[in-house]
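If you want the building blocks of each chain, they are given just below.
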Amino acid sequence: MKDGFSEILAGFFFTMTPAIFINPSFISIFVVFYIIFLPQLIERARQKYTYPRVGYVKPRTDETDFRPKGLLALLLIVIVCSAILVMIMTQNIANYYNWFIMFPFILGMTMLAPSAYLVDRTGSKIYWGFGIVTTILGLVISYLTTTFPPDGIFDGLLAFSMVLGAGLLVGGLIKFGYFIHSNPVIEVQEDYSSEQ
Amino acid sequence: MSNEDRGFPLEIDKIIHEPARLQIMTQLYVVDEADFIYIMRQTGLTWGNLSSHMSKLEEAGYIDVKKEFQEKKPHTILSMTKSGRVAFEKYRKMLDKVFEGLKD
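Only a predicted model underlies this, so the values are computations on that prediction, with no experimental measurement involved.

About the criteria used
Residues numbered from 1 in each chain as written. Chains lettered and ligands numbered in written order. Predicted model: local features only at pLDDT ≥ 70, side-chain atom pairs only at ≥ 80, totals over all residues. Helix = DSSP H or I, 4+ residues; strand = E, 2+ residues; numbered from the N terminus. Buried ≥ 20, exposed ≤ 12 C-beta atoms within 10 Å, placed from the backbone. Contact = placed C-beta atoms within 7 Å. Nonpolar A, V, L, I, M, F, W, Y, C, P; charged D, E, K, R; others polar. Core = buried A, V, L, I, M, F, W, Y, C linked by C-beta atoms within 7 Å. Axes fitted to C-alpha atoms, helices over the stretch in contact; angles between N-to-C directions. Parallel < 35°, antiparallel > 145°, perpendicular 65-115°, else oblique. Left-handed = near helix turned anticlockwise from the far one by under 90°. Expected span 1.5 Å × (residues − 1). Pairing = 2+ DSSP bridges.

Some points on the overall build of chain A
The number of helices and strands found in chain A is eight helices and one strand. By its C-alpha atoms, chain A is 75 × 35 × 30 Å across when sized along the principal axes. Classification of the 196 residues of chain A by burial places 22% in the buried group.

Focus: the environment of Gly172 of chain A
Residues and elements named next belong to chain A. Secondary-structure assignment places Gly172 in helix H8 (residues 155-182). Between the alpha carbons of Gly172 and Leu71 there is a distance of 27 Å; along the sequence they are 101 residues apart. Discounting chain neighbours no more than four positions away, the residues touching Gly172 are Gly4, Phe5, Glu7, Ile8 and Gly11.

Quick look at the interface of chain B and chain A
Counting from both sides, the interface comprises 16 residues of chain B and, opposite them, 17 residues of chain A. Listed by contribution, the elements that provide at least two residues to the side of chain B that touches chain A are strand E1 (31-35), helix H2 (36-43), strand E2 (63-70) and strand E3 (73-80) of chain B. Per-element tally for the side of chain B that touches chain A: the top contributor is E1 of chain B, with five residues. Along the lines of polarity and charge, the residues of the side of chain B that touches chain A split into eight nonpolar, two polar and six charged.

Things to note about the nonpolar core
With 21 residues, the main nonpolar core has Leu28, Ile39 and Ile63 of chain B as its most contacted residues. Of all the secondary structure elements, the ones that give two or more residues to this core are helix H2 (26-54) of chain A together with helix H1 (19-29), H2, helix H3 (47-59) and E3 of chain B. With four residues, the top contributor of residues to this core is H2 of chain B. Ignoring any residue separated from it by four or fewer positions in sequence, one finds Ile39 of chain B in contact with Ile24, Gln27, Ala34, Leu50 and Leu78 of chain B. Counting 19 residues, the second largest nonpolar core, distinct from the first, contains Val78, Leu85, Met102 and Ile141 of chain A.

Description of the packing of H1 of chain B against H2 of chain B
All names here are of chain B. Look at H1 against H2: their axes get within 10 Å of each other, and the N-to-C directions meet at 120°. The orientation of H1 with respect to H2, classified from their angle, is oblique. The handedness of the crossing between H1 and H2 is right-handed. From H1, Ala20, Gln23, Ile24 and Gln27 reach across to H2, where they touch Ile39, Gln42 and Thr43. A per-class count over the contact of H1 with H2 returns three nonpolar, four polar and no charged.

Points about helix H3 (residues 68-90) of chain A
Residues and elements named next belong to chain A. Here H3 contains 23 residues, and its C-alpha end-to-end distance of 32 Å stays within 8% of the 33 Å for a straight helix at 1.5 Å per residue. In this fold, the buried residues of H3 make contact with helix H4 (96-100) and helix H5 (103-110). Of the residues flanking the end of H3, it is Gln91, one or two places downstream, whose phi is positive at about 60°.

Things to note about the sheet that holds E1 of chain B
Reading across the sheet, the four strands line up as E1(A)-E1(B)-E3(B)-E2(B) and stay open at both edges, with antiparallel pairing between neighbours. Edge positions in the sheet fall to strand E1 (57-59) of chain A together with E2 of chain B, since each of these pairs with one other strand and no more. Strand after strand, the sheet turns through a mean of 20° between neighbouring axes, direction not considered. Two elements, E1 of chain B and E3 of chain B, share two bridges in a ladder whose sense is antiparallel. Considered in E3 of chain B, the bridge of Asp35 of chain B is made with Ile77 of chain B.

Observations concerning the environment of Leu9 of chain A
Residue and element names in this part refer to chain A. Position of Leu9 relative to the elements: it lies in helix H1 (residues 5-22). C-alpha of Leu9 to C-alpha of Gly172: the two residues are 163 residues apart in sequence and 8.6 Å apart in space. Excluding residues within four positions of it along the chain, Leu9 makes contact with Leu38 and Ile42.

Structural data, given as structure tokens:
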């Protein structure tokens, strides 16, 4: 969607995820807020701001759309690329700690899966941009955690999640502002009483 | 190939074989459902035009029209019925036959 709500939703997800690592009791709040309330809030917001401007459409669902081979291939590529990077950056692939610092890169690269899904669904290649940006961001954060080792092994991952979430939130809000500005509300004369 | 082999004389569905209705059917074929505004934007039809063609397609049983209220405003949702989908696919095959073997 052009309204930016998907980015805002994903932004919330990534900025809130570190809270679970900091305090596992946040998981219940996370589930209630993110899984139950946020999608409903987004739908209400779409009813108010999106549908009166560009209309409502439910894309055709294809049950055979799931592609396990593609996902497995991506997983294999991620593991191989991470192993190569661990070798280049630390020269010690056997030390599991070195794999922890690769978590931001691994997570960043797995974002290519939703990118591929969006490219497939919309036909717009611009969605590859998201997966590429997250991969580069993950690589940069993994590199920084190698150069300046943090206190906790998950700190790199948390930093990645927060930076990505903040970026998505800001990007989503800008997109929403532009959407509102460029798409005025369409007034239709739908009047049931006058219809035969 | 003789005309009979190619399915001639053509039995083109006159309900679908009208530019505005063809546009509406094409839009609805690729989605599960869409509302009035979405179809208006995609087809460029005016409210009156869309409303009239929508009624014809509904009478033919090709589309389903659901009316509800959203934010206290009337909201019309359109979707293609099974028979509409069958008719559209048949129409598409018929047109393919017409252009079959035609050089660029």
